[in-house]
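# Close look at the chain arrangement
If you want the building blocks of each chain, they are given just below.
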Amino acid sequence: MNREAVIVDAVRTPVGRRGGQLRDWHPVDLLAQTLSTLVERTGIDHEHLADVIARCRIQRDEQAGNVARNAILGAGLPLVLPGTTIDRQCGSGQQAVHFAAQAIKSGEYDFAIGAGVESMSRVELGPLFVPGGERGDWYGERALARFDGNIPAQGLSAELIVKKWGFTRKQLDEFSIRSHQRAAAATEAGYFASQLVPLDGIGADAALTPMTRDEGIRAVLDPERIAKLAPVFSPDSAITAANASQMSDGAAALLIAERSQAEAAGLRPRARIVSMAVAADDPVLQFTVVLPATKRALEQAGLSIHDIDLVEVNEAFAPVPLPWAAESGYPQDQLNVNGGSIAIGHPLGSTGARLLCQLVNELERRDARYGLLTICEGGGMANATIIERI
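What you are looking at is a predicted structure, and each value in this text was computed from that prediction instead of being measured. (Residues numbered from 1 in each chain as written. Predicted model: local features only at pLDDT ≥ 70, side-chain atom pairs only at ≥ 80, totals over all residues. Heavy atoms only, no water.)

Within the largest apolar cluster, 40 residues are counted, with the highest numbers of intra-cluster contacts made by Leu172, Ile308, Val311, Phe317, Val320, Trp324 and Ile386. Of all the elements, helix α9 (residues 290-301) adds the most residues to this core, at 4 residues. Sequence-distant contacts of Ile308, that is, excluding residues within four places in its chain, are made with Leu298, Leu303, Tyr330, Gln334, Tyr370, Gly371, Leu372 and Ile386. Formed by 35 residues, the second largest nonpolar core is a distinct cluster that contains Val6, Val28, Leu31 and Leu199. (Core = buried A, V, L, I, M, F, W, Y, C linked by side-chain atoms within 4.5 Å. Buried < 20%, exposed > 50% of the residue type's maximum accessible area, 1.4 Å probe, protein only. Helix = DSSP H or I, 4+ residues; strand = E, 2+ residues; numbered from the N terminus. Contact = heavy atoms within 4.5 Å.)

Attention shifts here to the packing of helix α1 (residues 27-42) against helix α2 (residues 67-74). Interhelical geometry of α1 versus α2 gives an angle of 60 degrees and a closest axis separation of 8 Å. Relative to α2, α1 is oriented oblique. As α1 packs across α2, the resulting crossing turns out to be right-handed. Contact with α1, carried on its side by Val28, Leu31, Ala32 and Leu35, involves Val67, Ala68, Asn70, Ala71, Ile72 and Gly74 of α2 and no other residues of that element. (Axes fitted to C-alpha atoms, helices over the stretch in contact; angles between N-to-C directions. Parallel < 35°, antiparallel > 145°, perpendicular 65-115°, else oblique. Left-handed = near helix turned anticlockwise from the far one by under 90°.)

With 7 of 9 residues buried, strand β12 (residues 381-389) is to be regarded as a mostly interior element. Strand direction decides the pairing type here: strand β9 (residues 271-280) and β12, joined by 9 bridges, are antiparallel. Bridge pairing in β12 links Ser275 to Ile386. The pairing of strand β11 (residues 370-377) with β12 spans 8 bridges and is antiparallel. Bridge pairing in β12 places Leu372 opposite Ile386. Counted between consecutive antiparallel strands, the loop separating β11 from β12 contains 3 residues, among which Gly379 sits at a positive phi close to 85 degrees. (Pairing = 2+ DSSP bridges.)

Here we take up the pattern of salt bridges. Scanning the entire structure with this criterion turns up 16 salt bridges. Put simply, Asp367 and Arg389 hold a salt bridge, and the shortest N to O gap is 2.7 Å. You can see Asp367 sitting in the loop between α11 (351-366) and β11 and its partner Arg389 sitting in strand β12, a full 22 residues away along the chain. On the basis of relative accessibility, which here comes to 26%, the residue Arg389 falls in the partly exposed class. (Salt bridge = Lys/Arg side-chain N within 4 Å of Asp/Glu carboxyl O.)

To continue, consider unusual backbone geometry. Of note, Asn336 is a non-glycine position whose phi angle comes to about 50 degrees, a positive value. Along the chain, Asn336 turns up in the loop between α10 (321-328) and α11. A positive phi angle, close to 55 degrees, is found at Asp367, a residue other than glycine. We classify Asp367 as exposed; its relative accessible area is 55%.

In this section: α2. All of the buried residues along α2 are Val67, Ala68, Ala71 and Ile72. Angular distribution of buried residues about the axis of α2 spans 140 degrees; they occupy a single face of the element. Structurally, α2 contributes buried residues whose contacts are with α1, β3 (52-55), β4 (83-86) and β5 (111-119). In the segment just after α2, Gly76 is the residue with positive phi, at about 75 degrees. (Arc of directions from axis to C-beta.)

Overall, the coordinates contain 2 aromatic pairs when judged by the stated rule. Ring centres 5.6 Å apart and planes at 55 degrees place the aromatic pair Phe287 and Phe317 in the tilted group. Linking Phe287 in the loop between β9 and α9 with Phe317 in the loop between β10 (310-313) and α10, this pair joins segments that are 30 residues apart in sequence. Between Trp324 and Tyr330 the ring centres are 5.7 Å apart and the planes differ by 65 degrees, which places this aromatic pair in the edge-to-face class. For Trp324, a relative accessible area of 1% translates into the label buried. Given a relative accessible area of 6%, Tyr330 falls into the buried group. Positioned above the aromatic ring of Phe192 is the side chain of Arg12, whose terminal nitrogen or guanidinium carbon lies 5.0 Å from the ring centre. (Phe/Tyr/Trp six-rings, centres within 6.5 Å; stacked < 30°, edge-to-face > 60°. Lys NZ or Arg CZ within 6 Å of the ring centre and 35° of its normal.)

Structure follows, in structure tokens:
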């Protein structure tokens, strides 16, 4: 029997700014709310679930435990349902879905949840994003020695890509403005509404109020003001707060199932997972690895990039999707069509699951067939997923 892994449903919270409307949500509770919403929406029999695989990037403070298992308990799901928390850097929400799908395709599971969560408001970020930072602790002497002590922080890798491809600051800023414009237009058109987990955030008057949209999106931006922002790394560098992803809070979850088992349970699959790839390359440039990851996923699927109707390339920085588009020749009007992490935000652990959620919904809205998601990850890795709307 040829087992197919399918996406039955996908939900996400609105994304909150760091220190914003979701700042009082414990990350475990945020994921628990997302899991309970997903299970309630699908009507899946709790006893059918085999596992919850979740991702949390900054596994310290309130996120230091097994967030997946703790969220299962908080969601009121069966005590016998296990959960595990993984880390493949920024792509781990996507990797959680891959692990669930792989277990289903192998026959070990029939139903599982792939998810992710991050509260960048409630954990101490420390030197996580500072050049030098904790990298010595992360890599050890031998790995650092292999690269003459130079495995740069991600922002510095982004600067290297800017120089390698010759992008101008103006190009980066224009891409970032477009991300906000597209996300704002999608929000106003209601494209995200059906995906969102109902929850209360903290309003301007400090009272609890229903949170119905992503907090970081700016409908109106002043290009001249953006052009005057100080670069982050040096006076002559190009990366600024405007052309990098926002630090954020959020969660997302997808119910993954074996197709025939889902249909037998009365569930309607929304998309088929066609191929899943992971790749690694130069940890100095880091972000260029989305290109070989894309190539591998296309080869596994027996497709070309021209077969793909929509693509999501995570906007960790503007100089991630820009070289991907330049090298692949993919049309810009089919890339990140509803904005990306520059506008919506990048709660590290949940972004991969959130983007898959958005991709499923946009394929349905456009009556399109194939979608591809690829996410760059620290240390020079990337995941890529191709899905087909059912």
